[in-house]
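Understanding the architecture of this molecule
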Amino acid sequence: GVMCCRAMVSLPVGAVRSGIQANDSTTGDGFLLYSLQDVQQRFAANPSNAEHFVAVQWVPSLGWEHVGDHGAQTFAPAPGDLLVAAVNFSSRVLTPLAPSPTNTRTHGIASGFKSGDLTFVMDSFGGVPNYGEFEVRGGELLVSPDTLDARQLAGRLGAYRGGQGGELPFSARISSSVSARYTYQSWRDSPDGAWLDASGNGNHANVSR
């Protein structure tokens, strides 16, 4: 028979390095943010900071702020931004975020990931206790194509993965031990919402978003 599965976007985690640096004096609610763009380029993060993760807060009078060790820095949401954990900097509580059933954005940023082996450890950095920082463990981050718009990210993900613009890698998790790879076909050349089986074994049907 034909196996049916749901495709998921596999985001590049990159080098997790020592973890995520945050300003120790930060209080109140905030988030850990995944940025598709390297955070050293985007936020001038410390070289020991994870390649794609920073700590952020929403400030009503200012908007989004990166709360790094060098102080607060305002920024605008960008394609590929994803809130992966909620943080209360005062009570020292961290909660990984599941996808919103209605794909609700938090002040313009998507939130929640489907699966993967990513975990975050509060008040740890580089494997040792360090107040105010966050250790990142794991190397797989999978999100629903409903959470992040695959059409919008196709060219950017291709650049990060060395692929051709317009070809976007996907993982479709079938069981704990078997996975198939999918490539999203050009929107000009395929029906809207169609996913192309690229596993090469012919056992998987096209799937829909």
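Since the structure is predicted, the reported quantities are computational estimates derived from the model, not experimental observations. (Residues numbered from 1 in each chain as written. Predicted model: local features only at pLDDT ≥ 70, side-chain atom pairs only at ≥ 80, totals over all residues. Heavy atoms only, no water.)

1. Points about the overall build of the protein
Regarding its fold elements, the protein presents two helices and 15 strands. Burial status across the protein gives 45% buried among its 209 residues. Partitioning the intrachain contacts of the protein with sequence separation of at least 6 by distance along the chain shows that 61% fall at a separation of at least 24. A total accessible area of about 9800 Å² is found for the protein, and carbon and sulfur atoms account for 49% of it. (Helix = DSSP H or I, 4+ residues; strand = E, 2+ residues; numbered from the N terminus. Buried < 20%, exposed > 50% of the residue type's maximum accessible area, 1.4 Å probe, protein only. Contact = heavy atoms within 4.5 Å. Areas by Shrake-Rupley, 256 points an atom, 1.4 Å probe, with all protein chains shown as cover.)

2. Some points on the nonpolar core
As a rule of thumb, nonpolar side chains are buried together in soluble globular proteins. Counting residues in each nonpolar core, the largest one holds 29 residues, and the members touching the most others are L32, F53, F120 and F134. Here this core takes four residues from strand 6 (residues 82-88), the largest share from any one element. Excluding residues within four positions of it along the chain, F120 makes contact with I20, L32, F53, V84, A85, L94, E135 and V136. Grouped together as the second largest cluster of nonpolar side chains are 11 residues, F31, L33, F43 and V56 included. (Core = buried A, V, L, I, M, F, W, Y, C linked by side-chain atoms within 4.5 Å.)

3. Examining the confidence of the model for the protein
In the predicted model, the protein carries a mean pLDDT of 78, and the fraction of residues at 70 or more is 69%. Here residues 159-209 scores under 50 on pLDDT; set against residues more than four positions off or in separate chains, the count is 116 contacts. (pLDDT = per-residue confidence, 0-100.)

4. Things to note about the side chain of D38
Tracing the sequence through the fold places D38 in the loop between strand 2 (29-34) and helix 1 (39-43). A distance of 2.8 Å separates a polar side-chain atom of D38 from the backbone nitrogen of Q40. (Polar contact = N/O pair within 3.5 Å; in protein donor to acceptor, adjacent residues only side chain to side chain.)

5. Here we look at the pairing of strand 1 (residues 8-11)
Alternating positions in strand 1 separate into two faces, M8 and S10 on one and V9 and L11 on the other, with burial throughout. Sheet topology note: the strand 1/strand 12 (residues 141-143) ladder contains three bridges and is antiparallel. Bridging from a neighbouring strand, V9 pairs with V143 of strand 12. (Pairing = 2+ DSSP bridges.)

6. Quick look at the packing of aromatic side chains
Enumeration according to the criterion identifies seven aromatic pairs in this entry. Ring centres of W58 and W64 lie 5.6 Å apart, and the angle between their planes is 70°; on these two criteria the pair is classed as edge-to-face. Through pairs of rings, three or more aromatic residues link up here, namely F31, F43, W58, W64 and F75. One Lys or Arg, R92, reaches over the ring of Y131 and ends 4.5 Å from the middle of that ring. (Phe/Tyr/Trp six-rings, centres within 6.5 Å; stacked < 30°, edge-to-face > 60°. Lys NZ or Arg CZ within 6 Å of the ring centre and 35° of its normal.)

7. What about the pattern of salt bridges?
A full pass over the atoms with the stated rule returns three salt bridges. As a salt-bridge pair, R92 and D123 come within 2.5 Å of each other at their nearest N and O atoms. Linking R92 in the loop between strand 6 and strand 7 (93-96) with D123 in strand 10 (residues 119-125), this pair joins segments that are 31 residues apart in sequence. Where R137 meets E135, a salt bridge forms, and the shortest distance between an N and an O atom there is 3.4 Å. Residue R137 is classed as partly exposed on the basis of its relative accessible area, which comes to 42%. Taking the relative accessible area as the measure of exposure, E135 reaches 12% and is therefore buried. (Salt bridge = Lys/Arg side-chain N within 4 Å of Asp/Glu carboxyl O.)

8. Side note on the side chain of S124
Its location among the elements puts S124 in strand 10. For S124, a relative accessible area of 8% translates into the label buried. Contacts of S124, omitting those with residues within four sequence positions, involve P129, N130, E133, F134 and E135.

9. Structural notes on the pairing of strand 6
By the criterion of burial, strand 6 is predominantly enclosed, with five of the seven residues buried. For strand 2 and strand 6, the ladder comprises six bridges, and the chain directions are antiparallel. Each bridged residue has a counterpart across the sheet, and for Y34 the counterpart in strand 6 is L82. As paired strands, strand 6 and strand 8 (residues 110-111) are joined by two bridges and run parallel to one another. Looking at strand 8, one finds that L83 is bridged to S111. Connecting strand 6 to the antiparallel partner strand 7 that follows it, the hairpin turn spans four residues, and R92 within it adopts a positive phi of roughly 60°.

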